[in-house]
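Residue-level structural notes
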Amino acid sequence: IDTALQLKNGLNAETITAPKVLTYQDSTYQALKNITGSLDVTLPTPKSGCSFWIKSRATSSSNIIVKDHNAATLKTLTAGDGVLVSCDDSAWYDLT
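Residues numbered from 1 in each chain as written. Predicted model: local features only at pLDDT ≥ 70, side-chain atom pairs only at ≥ 80, totals over all residues. Heavy atoms only, no water.

**Observations concerning the sheet that holds strand E6 (residues 64–67)**
To keep it simple, the criterion reads: Strand pairing requires that DSSP identify at least two bridges connecting the strands. Helix and strand definitions follow DSSP, with helices as H or I runs of at least four residues and strands as E runs of at least two, each counted in order from the N terminus.
Strands sit in the order E2-E4-E6-E7 across an open sheet of four strands; the sheet is mixed. A strand with exactly one partner marks an edge of an open sheet, and here the two such strands are strand E2 (20–21) and strand E7 (73–77). Bridge count for E2 against strand E4 (residues 39–42) is two bridges, and the pairing is parallel. Each residue of the ladder has a partner; that of Val21, found in E4, is Thr42.

Quick look at the structure:
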């Protein structure tokens, strides 16, 4: 292959100031900067084989709490932390 692999929607580098709910229309790669205290990022209903990489770009103590579709916490990201989450047909899993 002569070209680089390019994923649809690529990378979402965003500053968030409110809770974020991901959908399957969102980028697989989420580089999020939280500037307002702890905020939730909620994953969509599981669909087998889907995944998201979520990275905290925060430079302070503003955590990002990654939650599944049922609001269960999968991982709390502090500044610089990241997580790979993937799912089967019924649940999300932290693969890091």
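Now, onward.
**Focus: the pattern of salt bridges**
Two side chains of opposite charge can pair, provided their charged atoms sit close to one another. Selection criterion: The salt bridge definition used is simple: a Lys or Arg side-chain nitrogen within 4 Å of an Asp or Glu carboxyl oxygen.
Counted by the stated rule, this structure contains two salt bridges. The salt bridge partner of Asp40 is Lys67, with a shortest N-O separation of 3.3 Å. With a gap of 27 residues between them, Asp40 in strand E4 and Lys67 in strand E6 connect regions that are remote in the sequence.

**Describing the environment of Pro44**
Turning to its location among the elements, Pro44 is positioned in the loop between E4 and strand E5 (51–56). Each C-alpha atom of the pair Pro44 and His69 lies 5.4 Å from the other, and the pair is 25 residues apart in sequence.

**Comments concerning the nonpolar core**
Cut-off, in case you're wondering: Nine residue types can take part in a nonpolar core, namely buried Ala, Val, Leu, Ile, Met, Phe, Trp, Tyr and Cys, and a core is a set of them joined through side-chain atoms within 4.5 Å. For each residue, the accessible area found with a 1.4 Å probe, counting protein chains only, is set against the maximum for its type, and the residue is called buried under 20%, exposed over 50%, and partly exposed in between. Contact between two residues is taken to exist if any of their heavy atoms lie within 4.5 Å; hydrogens are not considered.
In terms of nonpolar packing, the biggest core is built from 16 residues, with Val41, Leu43, Phe52, Ile54, Ile64, Val66 and Trp92 touching the most fellow members. Among the elements of the structure, E4, E5, E6 and strand E8 (82–87) are those that each provide at least two residues to this core. In terms of residue count, E8 provides more of this core than any other element does, three residues in total. In this structure Phe52 touches Leu22, Thr23, Tyr24, Asp26, Ser27, Thr28, Leu43, Pro44, Val83, Leu84, Val85 and Trp92, once residues within four positions along its chain are discounted.

**A closer look at the pairing of E6**
Here E6 shows a buried face lined by Ile64 and Val66 and a second buried face lined by Ile65 and Lys67. Bridge count between E4 and E6: four bridges; the pairing is parallel. By the bridge assignment for E6, Asp40 is matched with Ile65. Here E6 runs beside E7; their pairing, made up of four bridges, is antiparallel. Opposite Ile65, over in E7, you have Thr76 as the bridge partner. Between E6 and the antiparallel strand that follows it, E7, lie five residues; Ala71 among them carries a positive phi value of about 70 degrees.

**Topic: the environment of Val66**
Inspection of the secondary structure puts Val66 in strand E6. Judged by its relative accessible area of 0%, Val66 is buried. Taking the C-alpha atoms as reference points, Val66 and Gly80, 14 residues apart in sequence, are found 14 Å from one another.

**Some thoughts on the state of the cysteines**
Keep this limit in mind: Disulfides are defined as pairs of cysteine sulfur atoms found within 2.5 Å of each other.
By the definition in use, this model includes zero disulfides. Cys87 provides the cysteine sulfur closest to Cys50, a residue in no disulfide bond, and the two sulfurs are 5.1 Å apart.

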